[in-house]
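Below are the chains, spelled out letter by letter.
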Amino acid sequence: MRKRVLPGFGISLGYALAYLGLIVLLPLAALAWKASGIGLHGLFRLLESPRTLAALKLSFGGALLAALLNVFIGLLVAWALVRYRFPGRRLLDALIDLPFALPTAVAGIALTALYAPNGWLGRWVVPMGIQVAYAPLGVLLAMVFVGFPFVVRTLQPVLQSLERDVEEAAESLGATRRQTFLRVILPLLVPTLLTGFALALARAVGEYGSVIFIAGNIPMRSEIAPLLIVQKLEEFNYAGAAALGVVMLAFSFILLLLIAVLQRWSRRWAERAA
Amino acid sequence: MRPAATEIPMTLVLDRLTRRFADFAALDDVSLQMAPGEFLALLGPSGSGKTTLLRILAGLDYPDGGVVMQGDQDFLAASARERNVGLVFQHYALFRHLTVRENVAFGLRVRPRRRRPSRAQIREQVERLLKRVQLEELGDRYPSQLSGGQRQRVALARALAVEPELLLLDEPFGALDAQVRITLRRWLRELHEELQLTTVFVTHDQEEALELADRIAVMNRGRIEQVGTPQAVYQDPATPFVCEFIGRTNRIPLARHAQGWGAGAWPLMTDPWDGRYRHGVAYVRPEHLTLSVPDGQPAWEARLRHVYLAGSVAHLDLYVGDIDLALEADVASEDLGRLGLQPGAVLRVAPNRLVAFPFDDDHGNRAVIRDRWTWRPPDRR
């Protein structure tokens, strides 16, 4: 083997693998082992249950939609924070991280209080026929809330590093502001937007605390998959809970893998010369 | 709007431009004219306002005062995208997510539909330009896969693709290494001769300006110190700044004596300023020092401290103890032996050409530019 110039390869890789094994892979393996208790047949029965399917659909559909919304809102907020100087900018910047710091249950309760039929916002929107609390829309709202900082925080440094003269070059070549944004700026942001999307998605799929308060947890309507897992645990159905967990894990893994492939393709221009 | 193709290109007239940033004047009363097809260099140190001037021409910045006219049209009224200028940046500013071909085609593809050439025409135009910048093999590469010199040629092709009336280059070779810089410089000059495109070129490298430009505008602190051909700017500098900034020069303090002006043992025997001033400064180029003045004629006794051989030319480091003055002189390397130029030798040295400015005694050592005086010995030419 060729001698490496950078020292510390052995120790850092060894540590990384040991850590990954202990903290990530071991619990996952235990989960899979536990899940195997119900067998393949049990797994299919679980997936055939309409209630499980509805919950999975809500969890993943809601998380995908929430991540997508976060990409748009996050891009807008990051753009405003990086590009413009305005009073209160630093305060706004500090507020972004709040969903990270807030205990999710608190966020859930706050959102519920706002949107409940007698809440500050709820009393206006409910009569208009918009049901937020105790409805799928509430689930979506909570998921957007917890995933929001990811897109902003991943995007900010990239927006900051965009070179001003590239935009000026586009303008001088006759591009309108719109063309400059769509043809020059956006393509450079796509890889980062995908990263933000993936993080927000992962967070929303796994979110429990804030969602269960606002969701109302009505079976077949506003019940998320993680809640079903907790219910199975309370019924001492450990194998069933583990199996559902494995299904969620598999779905998440496939989604994240797809995003990673898309991301690689979207930054093909950054590949170094062979 | 874009003028019709038949319109005769007009002289660009910049009149009394000023631009202030906070408490700093980037441009201070700048006036300049640009003839069609001219290659003009804006030369100056960083912070002299040359890039600000270029950005104003590109439509990326606007002056606080003054106008730019093209014929009877207000040049500044058009936005950057309507102005039809080609712009090349020091750090290339290529679109790194697009291939070389896509970069070059960008300006044509973003045109509104009715002015946009067909796909086939764009492809043809791009191929022609890639050929012109000698990159036809690399059309499918991304900018990250190219060398600095190649990237700058892509940037140039991209700017030329929109068929600009005015080409603006902002330190285009600033980020390249010396060898590539010289090759590209020659190549750019040839390209200009072929295209006859009015070109403004910003640089802080005087050698680059002298070699490339038809005319040079020397800028300092937001003002234009001198505009002229490279030869005029070099041979006949108008201000002390131009003397010191362009080429190498010796700065020699002058004083008025009873019998005339001079420095130490070397008197001038004349007073060009009729007794109005008492102090001044003379600038003498290293090649304008005579190193073997015959006895009987006025000269400094200078000791040769060092000889730096630089290929065909040798730089001499001289010291005149009499007036505590270090001088730099250039001689052809082959003359070193003939003149007996060994370190330690004592030479009789005198200028054979100089530019002098008197000092305004009321304002300390401020040179009076309008009283510039060029001198050559009476027996020559």
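Thresholds applied
Residues numbered from 1 in each chain as written. Chains lettered and ligands numbered in written order. Predicted model: local features only at pLDDT ≥ 70, side-chain atom pairs only at ≥ 80, totals over all residues. Heavy atoms only, no water. Helix = DSSP H or I, 4+ residues; strand = E, 2+ residues; numbered from the N terminus. Buried < 20%, exposed > 50% of the residue type's maximum accessible area, 1.4 Å probe, protein only. Lys, Arg positive; Asp, Glu negative; His and termini not counted. Charge placed at Lys NZ, Arg CZ, Asp CG, Glu CD. Contact = heavy atoms within 4.5 Å. Buried area = accessible area lost by both parts, 1.4 Å probe. Salt bridge = Lys/Arg side-chain N within 4 Å of Asp/Glu carboxyl O. Polar contact = N/O pair within 3.5 Å; in protein donor to acceptor, adjacent residues only side chain to side chain. Core = buried A, V, L, I, M, F, W, Y, C linked by side-chain atoms within 4.5 Å. Expected span 1.5 Å × (residues − 1). Bend = angle between axes of the 7 residues up to and from the residue. pLDDT = per-residue confidence, 0-100. Domains from an automatic or database assignment. Nonpolar A, V, L, I, M, F, W, Y, C, P; charged D, E, K, R; others polar. Patch = residues over 30% accessible without salt bridge, like charges linked within 9 Å, V, L, I, M, F, W, Y side chains within 5 Å. Areas by Shrake-Rupley, 256 points an atom, 1.4 Å probe, with all protein chains shown as cover. Phe/Tyr/Trp six-rings, centres within 6.5 Å; stacked < 30°, edge-to-face > 60°. Axes fitted to C-alpha atoms, helices over the stretch in contact; angles between N-to-C directions. Parallel < 35°, antiparallel > 145°, perpendicular 65-115°, else oblique. Left-handed = near helix turned anticlockwise from the far one by under 90°.

### Comments concerning the overall build of chain B
Across its full length, chain B holds nine helices and 22 strands. Residues counted as buried form 50% of the 381 residues belonging to chain B. A distance of 6 Å separates the average location of the 49 positive side-chain charges in chain B from that of its 50 negative side-chain charges.

### Notes on the interface of chain A and chain B
Each partner contributes to the interface: chain A provides 23 residues, whereas chain B provides 23 residues. Approximately 2,300 Å² of surface area, both sides summed, lies buried where chain A meets chain B, with 58% of it carried by carbon and sulfur atoms. When the area that chain A buries against chain B is broken down by residue, the three leading residues are Ser172, Leu173 and Trp269 of chain A, summing to 30%. Summed over the shared surface of chain A and chain B, the result is two salt bridges. Residue Glu163 of chain A is joined to Arg96 of chain B by a salt bridge in which the shortest nitrogen-to-oxygen separation is 4.0 Å. One can count six residue pairs in polar contact (both at pLDDT 80 or more) joining chain A with chain B.

### Comments concerning the nonpolar core
Among the nonpolar cores identified, the biggest contains 63 residues, and Leu159 and Leu189 of chain A are the most heavily contacted of them. Mapped by element, the contributors of at least two residues to this core are helix H3 (50-83), helix H6 (104-115), helix H8 (136-161), helix H10 (177-206), helix H11 (209-215), helix H12 (225-234) and helix H13 (238-266) of chain A. Tallying contributions element by element places H3 of chain A first for this core, with 14 residues. Non-local contacts of Leu159 of chain A, meaning those with residues more than four positions away in its chain, are made with Ala78, Trp79, Val82 and Leu189 of chain A. Core analysis: the second largest hydrophobic core is formed by 44 residues, Phe39, Leu146, Leu167 and Leu191 of chain B among them.

### Side note on helix H1 (residues 9-35) of chain A
The end-to-end C-alpha distance of H1 of chain A is 37 Å, a good match for the 39 Å that 27 residues give at a rise of 1.5 Å each. The largest bend in H1 of chain A is about 40 degrees, located at Gly21 of chain A.

### Some remarks on the confidence of the model for chain B
All names here are of chain B. Summary statistics for chain B give a mean pLDDT of 89 and a share of 96% for residues scoring 70 or more. Every residue in residues 1-6 scores below 50 in pLDDT, and together they form six contacts with partners more than four places removed in sequence or on other chains. In the predicted complex, the global pTM is 0.84; the interface-specific ipTM is 0.84.

### A word on unusual backbone geometry
Residues and elements named next belong to chain B. Positive phi, close to 50 degrees, is recorded for Ala93, a residue that is not glycine. On the secondary structure map, Ala93 appears in the loop between strand S6 (85-88) and helix H2 (100-109). The backbone of Glu163 sits at a positive phi, close to 50 degrees, despite the residue not being glycine. As for its placement among the helices and strands, Glu163 is situated in the loop between helix H4 (148-161) and strand S7 (166-170).

### Regarding the side chain of Arg19 of chain B
Residue and element names in this part refer to chain B. Tracing the chain through its elements places Arg19 in strand S1 (residues 12-21). Among the residues examined, Arg19 registers a relative accessible area of 15% and is labelled buried. Side chain to side chain, Arg19 and Asp61 meet in a polar contact 3.0 Å long.

### Notes on the domain arrangement of chain B
Residue and element names in this part refer to chain B. Partitioning chain B into domains gives domain 1 (12-240) and domain 2 (251-375). Inter-centroid distance (C-alpha atoms) of domain 1 to domain 2 is 39 Å. Of the residues lining the interface, eight residues belong to domain 1; the matching set on domain 2 comes to eleven residues. A per-residue breakdown of the area domain 1 buries against domain 2 is headed by Tyr234, Gln235 and Pro240, which together make up 58% of the total. Inspection of the region where domain 1 meets domain 2 yields one salt bridge. A salt bridge links Arg372 to Asp236; the nearest nitrogen and oxygen atoms lie 3.1 Å apart. Summed over the shared surface of domain 1 and domain 2, the result is five residue pairs in polar contact (both at pLDDT 80 or more). In terms of residue count, helix H7 (residues 230-235) provides more of the side of domain 1 that touches domain 2 than any other element does, three residues in total. Here the residues of the side of domain 1 that touches domain 2 sort into five nonpolar, two polar and one charged.

### Observations regarding a positive patch on the surface
Side chains of Arg183 of chain A together with Arg109, Arg113, Arg116, Arg119 and Arg123 of chain B sit close together on the surface and give a patch of like positive charge. Among the secondary structure elements, Arg113 of chain B is positioned in the loop between H2 and helix H3 (119-132).

### Some points on the pattern of salt bridges
Enumeration according to the criterion identifies 34 salt bridges over all chains in this entry. Where Glu223 of chain A meets Arg51 of chain A, a salt bridge forms, and the shortest distance between an N and an O atom there is 2.6 Å. With Glu223 of chain A in the loop between H11 and H12 and Arg51 of chain A in helix H3, this residue pair connects regions lying 172 residues apart in the sequence. Assessed through its relative accessible area of 32%, Arg51 of chain A is described here as partly exposed. In this structure, Arg185 of chain B engages Asp205 of chain B in a salt bridge whose closest nitrogen and oxygen atoms are separated by 3.9 Å. Of this pair, Arg185 of chain B sits in helix H5 (residues 178-195) while Asp205 of chain B sits in the loop between strand S8 (198-203) and helix H6 (206-212), and the two are 20 residues apart along the sequence. Among the residues examined, Asp205 of chain B registers a relative accessible area of 18% and is labelled buried. Salt bridges linked by common partners bring Arg181, Arg185, Arg186, Asp205, Glu207, Glu208 and Glu211 of chain B together as one network.

### Examining the packing of aromatic side chains
Residues and elements named next belong to chain B. Under the criterion given, the structure shown has 15 aromatic pairs over all chains. Ring geometry for Trp273 against Trp373: centres 6.0 Å apart, planes inclined by 70 degrees, an arrangement best described as edge-to-face. Taken together, the residues Trp273 in the loop between strand S13 (266-267) and strand S14 (279-284) and Trp373 in strand S22 (residues 373-375) connect sequence positions 100 residues apart. Per residue, the accessibility class of Trp273 equals that of Trp373, and both read buried.

### Here's the deal with the packing of H8 of chain A against H10 of chain A
Residues and elements named next belong to chain A. Packing of H8 against H10 leaves a shortest axis separation of 8 Å and a crossing angle of 155 degrees. Accordingly, the angle class assigned to the pair H8 and H10 is roughly antiparallel. With respect to the hand of their crossing, H8 and H10 are arranged in right-handed fashion. For the pair H8 and H10, contact is made by Met143, Val146, Gly147, Phe150, Val151, Thr154, Leu155, Val158 and Leu159 and by Leu189, Thr192, Leu193, Thr195, Gly196, Phe197, Leu199, Ala200, Arg203 and Ala204, respectively. Split by residue class, the contact of H8 with H10 holds 13 nonpolar, five polar and one charged.

### Observations regarding helix H1 (residues 50-58) of chain B
Residue and element names in this part refer to chain B. Buried residues dominate H1, accounting for seven of its nine residues. Those residues of H1 not exposed but buried are Lys50, Thr52, Leu53, Leu54, Ile56, Leu57 and Ala58. Once H1 finishes, Gly59 follows within two positions and takes phi at roughly 85 degrees, a positive value.

### Overview of the environment of Arg215 of chain B
All names here are of chain B. Relative to the helices and strands, Arg215 resides in strand S9 (residues 215-220). Taking the C-alpha atoms as reference points, Arg215 and Thr229, 14 residues apart in sequence, are found 4.3 Å from one another. When neighbours within four sequence positions are excluded, Arg215 is seen to be in contact with Gln33, Met34, Glu38, Phe39, Leu40, Ala41, Val227, Gly228, Thr229 and Pro230. At 2.5 Å, the side chain of Arg215 and the backbone oxygen of Gln33 are in polar contact. At a separation of 2.4 Å, a polar atom in the side chain of Arg215 contacts the side chain of Glu38.

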